[in-house]
Amino acid sequence: MTVPFDIERVKSSLPDRRIDWYPSVGSTMTEASRLAADDCPSGTVVGADEQTAGLGRYGRTWHSEPGAGIYVSIVLRYPFSPDALPVVTLALGLATAEAILKTTDLACDLRWPNDVLIQSRKCGGILTQIEGSAIIAGIGINVNHSAFPQDLSVVATSLRIGSGRTHSRERLLVELIHSVESFCSLLEKEGRAPILAMFTRASSFVTGRKVSVDQGEVMLRGTTAGLTESGFLILHGDDGKSNVIIAGGVRPCS
Ligand code: BTN
């Protein structure tokens, strides 16, 4: 059953904010990039009840069932240098997990760099993109999905499946916007160290985890050994070599 999103409820909790809401849109990333190019203020939110061409990482699509999830892109204008983008992505993961915890009591795991997990399955993902001097923070959360298409059913979950009850998408969105701003402000004021430390604590994947890392041409296997100052993952390979993982799908090895 599709439950309409009460955007007025969200707007009344965030009265001074520009929020563009679409019943259906291709991708909120495209709309937010367009607004950022037109100099919209920091914190502008573009969201949709449905995406018909939701974007995931590596050119994948993001399953965006109508009326069930949160699909938003937030325009961020902070004085971060472009090389801070990996740490911004980690901060957004922390913000998403915090908003989920506050709204639903569900404690999420974070899989470097950008997957939000419940019971080892993905319930949320982060996509960051640069548009001029702005960062576009794309966040997708599977909230009230009761099932997924067959190709996703083994890897995906939702807050509803994880908790056995439905959740207010409006409350979660308001909390998410507050959390995103508080983690970005922390990064701005205190630098990268607190975000790296918090992500390391919040993620079961950052230290001492046996994983495989898909590097396209090669599959690396080894044990994770923390984050670099740039927010990249350190992997001590089973072959004895140390690797700094800049990108790539990390999966647990049994
Ligand atoms: C990933 O884990 O692959 C990243 C998924 C990001 C999905 C969100 S949904 C809102 C925003 N609009 C998009 O088209 N993608 C991001």
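These numbers were taken from a predicted model, which means no experiment stands behind them.

Cut-offs applied
Residues numbered from 1 in each chain as written. Predicted model: local features only at pLDDT ≥ 70, side-chain atom pairs only at ≥ 80, totals over all residues. Heavy atoms only, no water. Salt bridge = Lys/Arg side-chain N within 4 Å of Asp/Glu carboxyl O. Helix = DSSP H or I, 4+ residues; strand = E, 2+ residues; numbered from the N terminus. Buried < 20%, exposed > 50% of the residue type's maximum accessible area, 1.4 Å probe, protein only. Disulfide = S-S within 2.5 Å. Pairing = 2+ DSSP bridges. Near = heavy atom within 4 Å. Polar contact = N/O pair within 3.5 Å; in protein donor to acceptor, adjacent residues only side chain to side chain. Areas by Shrake-Rupley, 256 points an atom, 1.4 Å probe, with all protein chains shown as cover. 1 Å grid on protein atoms, 1.4 Å probe; cavity = no way out; pocket = protein on both sides within 12 Å on 5 of 7 lines; lining within 4 Å. Sits in = over half its atoms within 2 Å of the grid points. Nonpolar A, V, L, I, M, F, W, Y, C, P; charged D, E, K, R; others polar. Contact = heavy atoms within 4.5 Å. Points joined across faces, edges and corners; volume = space filled by probe spheres on them.

A.B. asks: Explain the pattern of salt bridges to me, using residue names and the numbers behind them.
C.D. replies: Between side chains of opposite charge, a pair can form as their charged atoms come close. One pass over the structure, following the stated rule, counts 9 salt bridges. A salt bridge links R169 to D49; the nearest nitrogen and oxygen atoms lie 2.8 Å apart. Residue R169 is located in helix α5 (residues 169-190), and its partner D49 is located in the loop between β2 (45-48) and β3 (69-76); the two are separated by 120 residues in the primary sequence. Both residues of the pair, R169 and D49, count as buried. D83 serves as the salt-bridge partner of R192, at 3.0 Å between the closest nitrogen and oxygen. You can see R192 sitting in helix α6 (residues 192-202) and its partner D83 sitting in the loop between β3 and α3 (85-104), a full 109 residues away along the chain. Since its relative accessible area comes to 47%, D83 is described here as partly exposed.

A.B. asks: Explain the state of the cysteines to me, using residue names and the numbers behind them.
C.D. replies: Covalent bonding between the sulfur atoms of two cysteines defines a disulfide. Applying the stated criterion across every chain, the model contains 0 disulfides. Lacking any disulfide linkage, C108 is separated from the closest cysteine sulfur, that of C123, by 4.3 Å. Looking at C108, the relative accessible area reads 14%, which means it is buried.

A.B. asks: Tell me about the pairing of strand β8 (residues 207-214), residues and numbers included.
C.D. replies: Sheet topology places β8 next to strand β9 (residues 219-227); 6 bridges connect them, and they run antiparallel. Bridge pairing in β9 links K210 to T223. What sits between the antiparallel neighbours β8 and β9 is a turn of 4 residues, in which G216 has the positive phi angle 80 degrees. As paired strands, β8 and strand β12 (residues 249-252) are joined by 4 bridges and run antiparallel to one another. Paired with D214 across the bridge in β12 is G249.

A.B. asks: Could you give an account of unusual backbone geometry, naming the residues involved and the relevant values?
C.D. replies: The residue after W112, namely P113, is reached through a cis peptide bond having omega -5 degrees. Take P113: it is sitting in the loop between β4 (109-111) and β5 (115-118). Not every positive phi belongs to a glycine, and D39 is a case in point at roughly 70 degrees.

A.B. asks: Run through the site of the ligand, naming residues and quoting values.
C.D. replies: Residues in contact with the ligand amount to 21 residues; listed here are only the nearest, S27, Q51, L55, R57 and K122. Within the side chain of K122, an N or O atom sits 2.6 Å from an oxygen atom of the ligand. Against a free-state accessible area of 420 Å², the protein chains account for coverage of 98% of the ligand. Judged by the fraction of its atoms near the pocket grid, the ligand is located in the largest pocket. Of all elements in the fold, only α2 (28-37), β3, β6 (121-131) and β7 (134-142) reach the threshold of two or more residues within the shell around the ligand. The element contributing the most residues to the shell around the ligand is β6, with 4 residues. Partitioning the shell around the ligand into residue classes produces 8 nonpolar, 10 polar and 3 charged.

A.B. asks: Residues and numbers for α2, please.
C.D. replies: Among the 10 residues of α2, 7 are classified as buried, and the element is accordingly described as predominantly covered. All of the buried residues in α2 are T28, M29, E31, A32, S33, L35 and A36. Where the residues of α2 are buried, they touch β1 (19-22), β2, β3, β6 and β7. Between the side-chain oxygen of the N-cap and the backbone nitrogen of M29 there are 3.0 Å, and the N-cap of α2 in question is S27. Backbone geometry just after α2 places D39 at a positive phi near 70 degrees.

A.B. asks: Describe the layout of surface pockets, and please don't skip the residues or the numbers.
C.D. replies: If a probe the size of a water molecule is rolled over the atoms, the empty space left behind becomes visible. Roughly 840 Å³ of internal volume is contained in the largest pocket. For the largest pocket, the lining is made up of 45 residues, of which R60, T61, W62, K122 and L152 are closest to its centre. The set of elements that each furnish at least two residues to the lining of the largest pocket consists of α2, β3, β5, β6, β7 and β12. Among the elements that make up the lining of the largest pocket, the one with the highest residue count is β6 (5 residues).

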